[in-house]
Amino acid sequence: MTRFIFITGGVVSSLGKGLASAALGSLLQARGFKVRLRKLDPYLNVDPGTMSPYQHGEVYVTDDGAETDLDLGHYERFTGVASRQSDNVTTGRIYSNVLAKERRGDYLGATVQVIPHVTDAIKEFVLSDVTDEDFVLCEIGGTVGDIESLPFLEAIRQLGNELGRDRAMFVHLTLLPYIPSAGELKTKPTQHSVKELLSVGIQPDMLMCRSDRPIPQGERRKIALFCNVREEAVIPALDVDTIYSVPLSYHEQGLDAQVCKHFRIDAPEPDLTPWRKVVERIRQPEGEVTIAVVGKYTSLLDSYKSLAEALQHGGIANNVRVRLNWIDSQIFESEDVVQYLDDVHGILVPGGFGERGASGKIEAVRFARERKVPYFGICFGMQMAVIEAARNLAGIPKASSTEFGPAEEPLVGLMTEWVRGNQLEKRSQAGDLGGTMRLGAYECRLTPGTHAHQIYGADIISERHRHRYEVNINYRERLEAAGLVFSGMSPDGLLPEIVEFPDHPWFIGVQFHPELKSKIFDPHPLFTSFVKAAVEQSRLV
Ligand code: GLN
């Protein structure tokens, strides 16, 4: 029997609902349950793929090619369960499905309305693609009281009624602000937020109260009284020093025990030793390395969420703290790279779009190559590495990407066709922007004897993609003659997936996004190896 836990947020946004959900998922998992985590997003975009990283943070891509909310990254990193297309939906997608059905005549002449048609579509989504999971955790994006989240709240209210208490639970995350002049944590915003939920017919079964300090028992009792929740189900959700200690902290406050109590299940206590070990390693590293991340969206770190986490995982694997130096590549257009990169132990150019800042990234690549500083190029960072090699080593000064406009020497270009399995897929220049990139997991064949092959220890790997342009295979011979080895190719041999310089301590560019698959208990081999190289570099400088 699958049970559903609905997680809503109140008072303010950015309370860490995604992390709270991920932590609860991992605790239930540690008690031996099979979990799935889902996110319902109230905005009108069909998916976050077309949104600016400044607005929405990173777009997290699943194996099956969905462009999803970054919270799915937290879910996957914490639980190790691979997210799917069926784990994230937006109002935009729900409406576009409902409207398509209406146009087809599927509603048989009915007046199509938010209730029941839109809410039915939401309920269908929540219940879909579930097999033997013990728990499905469903996070509702936004804050209670937003107009746009109303259909979602109405749908989960109906589900709560249909599934019954034994199969549904409502968890509400709120904030207890501390007022220094009064010296008190205030419960009123929480009371109001619960009132708001009640006005749409949802009585929360549990409250998680974010707070920057311990919550006195009296306050807990007061919240329980006013919000009609058992006192022990008012869970203090205190600030912690690392996100990976969230499961431990919430467990101590009784989170998973209260969930079991709600559903009246007798489950063994979770074994949290692996979490304790990881947190200990984070808190007490043996050393520290500095990695420069040369990108574009460096002012909003959520844009590179998975990347920052994957680097941290690589640090944990090497027992070091990874300090990240975020650098806006545009600065290299007017200033010398040396003063910014001279004392870093590794340089990483992450995924990116558009010409702005590209020349700065190419400068960073050149610095890393010439100075033999470990270099990791991801997606756009690989494309810039190839252009740098073409311009400065292979004697192709006009080398460029057609992403920047018509190119005389299109080292990186738009492939209009490529093969996935035995299906031919097409991309066109004039097509829609949304959902039209090369998305999701693709296989890559590694060349024996290369650094990439040695790192992965496998002949065939599968990694997630999100890009429109490809390195142009027609330049392979000239680039290889200049020393750049193509160490990973698509199985049909047409698309370069990995490039490397064998005569460099660590220089690898990958067309895919390995950061999306790195997990706290399963760090990605490329990140582990890159951080290891940075540790070696730190001994040199
Ligand atoms: N802009 C490049 C492309 O579309 C790279 C994309 C990325 O880095 N994710 O191919």
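Residues numbered from 1 in each chain as written. Predicted model: local features only at pLDDT ≥ 70, side-chain atom pairs only at ≥ 80, totals over all residues. Heavy atoms only, no water.

> Looking at this structure, I do not really get the sheet that holds strand β2 (residues 35-41). What am I missing?
If you walk across this open sheet you meet the seven strands as β5-β2-β6-β1-β7-β10-β11, and the pairing is parallel. Only two strands of the sheet have a single partner each, and these edge strands are β5 (88-90) and β11 (234-238). Here the average twist between neighbouring strands, direction ignored, is 20°. Pairing analysis gives six bridges linking strand β1 (residues 3-9) to strand β7 (residues 168-175), with the strands arranged parallel. Opposite Phe 4, over in β7, you have Ala 168 as the bridge partner. Along the sheet, helix α4 (residues 91-104) makes contact with β2 and β5, crossing β5 at roughly 70°. Against the sheet, helix α8 (residues 217-227) makes contact with β10 (206-211) and β11, and its axis sits at roughly 130° relative to β11, the strand it touches most. (Pairing = 2+ DSSP bridges. Helix = DSSP H or I, 4+ residues; strand = E, 2+ residues; numbered from the N terminus. Axes fitted to C-alpha atoms, helices over the stretch in contact; angles between N-to-C directions. Contact = heavy atoms within 4.5 Å.)

> Please clarify how the sheet that holds strand β17 (residues 409-414) should be interpreted in this entry.
To summarise the sheet geometry, strands pair through backbone hydrogen bonds and adopt either a parallel or an antiparallel arrangement. On the basis of which strands lie adjacent, the open sheet formed by three strands has the order β16-β17-β22 and mixed pairing. Both edges of this open sheet fall to β16 (399-401) and β22 (469-471), since each of them pairs with a single strand only. Neighbouring strand axes in the sheet, compared pairwise and without regard to direction, differ in orientation by 30° on average. As defined by bridge partners, β16 adjoins β17 across three bridges and the pair is classed as parallel. Directly across from Ser 400, in β17, lies its bridge partner Pro 410. Along the sheet, helix α15 (residues 380-392) makes contact with β16, β17 and β22, crossing β16 at roughly 160°.

> How should empty space enclosed by the protein be read in this particular structure?
Empty space among the atoms becomes visible once a probe the size of a water molecule is rolled across them. Applying the stated criterion across every chain, the model contains one cavity of 30 Å³ or more. Space inside the largest cavity adds up to approximately 50 Å³. Taken together, Arg 36, Leu 37, Tyr 75, Thr 79, Val 81, Ala 82, Ser 83 and Asp 87 make up the full set of residues lining the largest cavity. Secondary-structure elements contributing two or more residues to the lining of the largest cavity are β2 and α3 (71-79). Of the residues assigned to the lining of the largest cavity, the class counts are four nonpolar, two polar and two charged. (1 Å grid on protein atoms, 1.4 Å probe; cavity = no way out; pocket = protein on both sides within 12 Å on 5 of 7 lines; lining within 4 Å. Points joined across faces, edges and corners; volume = space filled by probe spheres on them. Nonpolar A, V, L, I, M, F, W, Y, C, P; charged D, E, K, R; others polar.)

> Is there a simple way to explain the site of the ligand in this structure?
As a matter of local geometry, the ligand sits amid Gly 351, Gly 352, Phe 353, Cys 379, Phe 380, Gln 383, Glu 403, Arg 466, His 467, Arg 468, Tyr 469 and His 513. Glu 403 is positioned such that a nitrogen or oxygen atom in its side chain is 2.8 Å from a nitrogen atom of the ligand. Here an oxygen atom of the ligand and a backbone polar atom of Tyr 469 are 2.8 Å apart. With the chains in place, 99% of the 290 Å² that the ligand exposes on its own is no longer accessible. The set of elements that each furnish at least two residues to the shell around the ligand consists of α15 and β21 (460-467). (Near = heavy atom within 4 Å. Polar contact = N/O pair within 3.5 Å; in protein donor to acceptor, adjacent residues only side chain to side chain. Areas by Shrake-Rupley, 256 points an atom, 1.4 Å probe, with all protein chains shown as cover.)

> When you look at the packing of aromatic side chains in this model, what are you seeing that I'm missing?
Two numbers describe a pair of aromatic rings. These are the distance of the centres and the angle of the planes. Evaluation of the coordinates by the stated rule reveals 16 aromatic pairs. Aromatic pair Phe 4 and Phe 6: ring centres 6.4 Å apart, planes at 15°, arrangement stacked. By relative accessible area, Phe 4 is classed as buried at 2%. When its relative accessible area of 0% is taken as the criterion, Phe 6 is described as buried. (Phe/Tyr/Trp six-rings, centres within 6.5 Å; stacked < 30°, edge-to-face > 60°. Buried < 20%, exposed > 50% of the residue type's maximum accessible area, 1.4 Å probe, protein only.)

> How should I be thinking about the pairing of strand β14 (residues 346-349) in this particular structure?
Remember that side chains alternate between the two faces of the sheet whenever the strand is regular. Side chains of β14 alternate between two faces, with Gly 346 and Leu 348 and Ile 347 and Val 349 buried alike. Here three bridges tie strand β12 (residues 287-295) to β14, and the two strands are oriented parallel to one another. Within β14, the residue paired with Val 293 across the bridge is Leu 348. Pairing of β14 with strand β15 (residues 375-378), which is carried by three bridges, proceeds in the parallel orientation. Bridge pairing in β15 links Ile 347 to Tyr 375. Handedness of the crossover joining β14 and β15 through helix α14 (residues 358-371) is recorded here as right-handed. (Right-handed = clockwise from strand over helix to strand, strands pointing away.)

> I tried to follow α4 on my own but got confused; where do I start?
An α-helical segment advances 3.6 residues per turn. Residues three or four places apart therefore align on the same side. The terminal C-alpha atoms of α4 lie 20 Å apart, and with 14 residues this matches the ideal 20 Å at 1.5 Å per residue to within 8%. Residues of α4 that are buried: Thr 91, Gly 92, Ile 94 and Val 98. Viewed along the axis of α4, the buried residues span an arc of 160°, placing them on a single side of the element. Facing away from the buried side of α4 by over 90 degrees, the exposed positions are Arg 103 and Arg 104. Buried residues in α4 make contact with β2, β5, α5 (114-127) and α6 (150-163). After α4 finishes, the residue Gly 105 shows a positive phi value of roughly 85°. (Expected span 1.5 Å × (residues − 1). Arc of directions from axis to C-beta.)

> I keep staring at the layout of surface pockets and nothing clicks. Help me out?
Within this model, the largest pocket holds a volume of roughly 880 Å³. Lining the largest pocket are 35 residues; nearest its centre among them are Ser 13, Ser 14, Lys 39, Asp 69 and Asp 71. Mapped onto the lining of the largest pocket, the elements with two or more residues apiece are α1 (17-30), β2, α2 (53-56) and α3. Considered class by class, the residues forming the lining of the largest pocket number eleven nonpolar, 14 polar and ten charged.

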